[in-house]
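Fold and contact review
Spelled out, the chains give:
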Amino acid sequence: ECPLCLLPQPPEAFPSLASCSHRSCWGCLQQYLSLAVRESRVPVSCPHCPAVLQPSDVHRLLPEPALRDKYEEFLLRRLLVADPGTRWCPAPDCRYCSYAVFAHGCAECPRLTCGREGCGTEFCYHCRQPWHPEGPCAPPAPSLATPTAPPEESAHGEALAQGGSSRAGVWHTEAEDIKVCPRCSAFIMKINDGSCNRMNCTVCGCLFCWLCLQEISDVHFLSPSGCTFWGKRPWSRTRRILWQLGMFLGAPMVISIAAGVAVPVITIGIPIYMGRKVLAGGPGSRRSSLSGCQQCLSVTSSVLLSLFVSPIITALTVGVGVPLVLTYVYGTVVLSLCR
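All values derive from a computational prediction rather than experimental measurement.

Now for the overall build of the protein chain. In terms of regular secondary structure, the protein chain is built from six helices and ten strands. Across the 339 residues of the protein chain, 35% fall into the buried class. For the protein chain, restricting intrachain contacts to residue pairs at least 6 apart in sequence, the fraction spanning at least 24 positions comes to 49%. With the model as given, the accessible surface of the protein chain reaches about 19300 Å², and the carbon-plus-sulfur share is 62%.

And the structure:
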């Protein structure tokens, strides 16, 4: 029986995989791989485990030659994006055909020229924008202007971003709903359903913020930058400064109140919770076979042990949490205000 479609199949309908020992029928594997490649989820993992399928197995199972070509293109693009010296030509024709320029050691001489026949576009190594000999590097545009060709005609149009709800390939939408990946410039559309702004490009694996289009870490939305985990736009400068000043001035009072509430809650709450948990053992539990005296002794011992452990947990929580919050408020926030 195939674990995906739950239909009985003959033994020859289950191809072996070089990456793992899991088995599924030909039809299910072909549908799974076709969908994964169309959504640019390359490399493709086994449908049952995180093991990456070998290219030989993917080529053997993919039914259409066009999908095999897309799979190879996405694999190549992943490899090129991982190279820190690779730059993508910003010209529309090259952007659609994923033309890359190898630019190792060009930081001091940042003027690059696309080598594709018929292009010759000059662009900057640092900001990846058209060459600007008379001015500094400009930040990337926050949104995508209308391109000269629909994205569904190129590999970029197949790109998706994981995290927030997103898709590409549908062109009838607002301009602000379509942006480009800050690392590989793949076209990405985010569905306007209130989902999070933490995006993960499936073409190059870049983790970026949908609002500011900057590569981010997991604490980006905890910083006082104005980018929120949910929302359509960053905070205004006035609102951001007021929030930072409020944190700076109100942090001692808020920390004191939080610590004052946490200390008795943890110190008293843990013994009460443990006593109730031991006392509420079900009929099938080991406690139900004990006598009344043994049950009372079990509850009493758990409460006494909790009374001994809870002050240690309280001290660790307050001793670690308060310095971390103070470091964040009077370190990160102050630096943000100075900028």
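After presenting the structure, the write-up continues.
This part takes up the nonpolar core. Formed by 17 residues in total, the largest nonpolar core has its most connected members in Leu33, Val44, Leu53, Val58, Leu62 and Tyr71. Every element with two or more residues in this core is listed here: α1 (26–38), α2 (55–61) and α3 (65–82). With four residues, α1 is the largest single contributor of residues to this core. When near neighbours in sequence (up to four residues on either side) are disregarded, Val44 contacts Tyr32, Leu33, Ala36, Ala51, Val52, Leu53 and Tyr71. Counting 15 residues, the second-largest nonpolar core is a separate cluster that includes Leu80, Ala100, Cys181 and Met199.

Per-residue confidence for the protein chain gives a mean pLDDT of 76, with 79% of residues at or over 70. Within the protein chain, strand β6 (residues 166–167) has the poorest average pLDDT of any element, 42, and α1 the best, 91. For the stretch residues 141–163, pLDDT sits under 50, and the model shows 71 contacts to residues farther than four places along the chain or on other chains.

This part covers the packing of aromatic side chains. Applying the stated rule across the entire model yields zero aromatic pairs. Residue placement shows Arg87 over the ring face of Tyr125; its charged tip is 4.0 Å from the ring centre.

Attention shifts here to the pattern of salt bridges. One pass over the full model with this rule turns up four salt bridges. Asp57 is paired through a salt bridge with Arg60; the nearest N and O atoms lie 2.8 Å apart. Residue Asp57 and its partner Arg60 are both found in helix α2; the two are separated by three residues, about one turn of the helix. According to the relative accessible area criterion, Asp57 is buried, its value standing at 6%. Note that Glu122 is salt-bridged to Arg111, the shortest N-O span being 2.7 Å. Placement of Glu122 in strand β4 (residues 122–124) and of Arg111 in strand β3 (residues 111–113) is noted, with a sequence separation of eleven residues between them. We classify Arg111 as partly exposed; its relative accessible area is 44%.

This part covers the side chain of Lys179. Within the secondary structure layout, Lys179 lies in strand β7 (residues 178–180). Relative accessible area serves as the criterion here: at 8%, Lys179 is assigned to the buried category. Only 2.6 Å separates the side chain of Lys179 from the backbone oxygen of Trp210, close enough to count as a polar contact.

A separate point is unusual backbone geometry. Glycine aside, negative phi is the norm for most residues, and most peptide bonds take the trans geometry. Of the consecutive residues Val42 and Pro43, the connecting peptide bond is found in the cis state with omega at 0°. By the secondary structure assignment, Pro43 is in the loop between α1 and α2. The phi dihedral of Leu213 is positive, around 55°, even though this residue is not glycine.

Time to look at the pairing of strand β8 (residues 187–190). With burial as the criterion, each face of β8 is covered, one bearing Phe187 and Met189 and the other bearing Ile188 and Lys190. Sheet analysis places β7 next to β8, joined by three bridges and oriented antiparallel. Looking at the pairing, Lys179 lines up with Ile188 of β8. In this antiparallel pair of consecutive strands, β7 and β8, the connection spans six residues, and Ser185 shows a positive phi of 65°.

Turning our eyes to something else, we now look at the packing of α1 against α3. In the contact formed by α1 and α3, the axes pass within 10 Å of each other and the chain directions differ by 50°. Here α1 lies oblique to α3, going by the angle between them. Considering the relative orientation of α1 and α3, their crossing is left-handed. Taking contact as the criterion, the partners of Ser34, Val37 and Arg38 in α1 are, on α3, Leu67, Lys70, Tyr71 and Phe74.

Helical periodicity: at 3.6 residues per turn, an α-helix aligns residues three or four positions apart in one direction. If you check α3, its first and last C-alpha atoms are 26 Å apart, about what 18 residues at 1.5 Å a residue would give, namely 26 Å. Of the positions making up α3, those classed as buried are Leu67, Tyr71, Phe74, Arg77, Leu80 and Val81. Check the buried side of α3 and you find it contacts α1, α2, β1 (86–88) and β2 (100–102).

Inspection of the secondary structure assignment puts Ser24 in the segment before α1. Given a relative accessible area of 2%, Ser24 falls into the buried group. In terms of polar contacts, Ser24 uses its side chain to reach the side chain of His48, at 2.6 Å. Beyond its immediate sequence surroundings of up to four residues, Ser24 is in contact with Cys2, Pro3, Leu4, Ala13, Phe14, Pro15, Leu29, Pro47 and His48.

Analysis parameters
Residues numbered from 1 in each chain as written. Predicted model: local features only at pLDDT ≥ 70, side-chain atom pairs only at ≥ 80, totals over all residues. Heavy atoms only, no water. Helix = DSSP H or I, 4+ residues; strand = E, 2+ residues; numbered from the N terminus. Buried < 20%, exposed > 50% of the residue type's maximum accessible area, 1.4 Å probe, protein only. Contact = heavy atoms within 4.5 Å. Areas by Shrake-Rupley, 256 points an atom, 1.4 Å probe, with all protein chains shown as cover. Core = buried A, V, L, I, M, F, W, Y, C linked by side-chain atoms within 4.5 Å. pLDDT = per-residue confidence, 0-100. Phe/Tyr/Trp six-rings, centres within 6.5 Å; stacked < 30°, edge-to-face > 60°. Lys NZ or Arg CZ within 6 Å of the ring centre and 35° of its normal. Salt bridge = Lys/Arg side-chain N within 4 Å of Asp/Glu carboxyl O. Polar contact = N/O pair within 3.5 Å; in protein donor to acceptor, adjacent residues only side chain to side chain. Pairing = 2+ DSSP bridges. Axes fitted to C-alpha atoms, helices over the stretch in contact; angles between N-to-C directions. Parallel < 35°, antiparallel > 145°, perpendicular 65-115°, else oblique. Left-handed = near helix turned anticlockwise from the far one by under 90°. Expected span 1.5 Å × (residues − 1).

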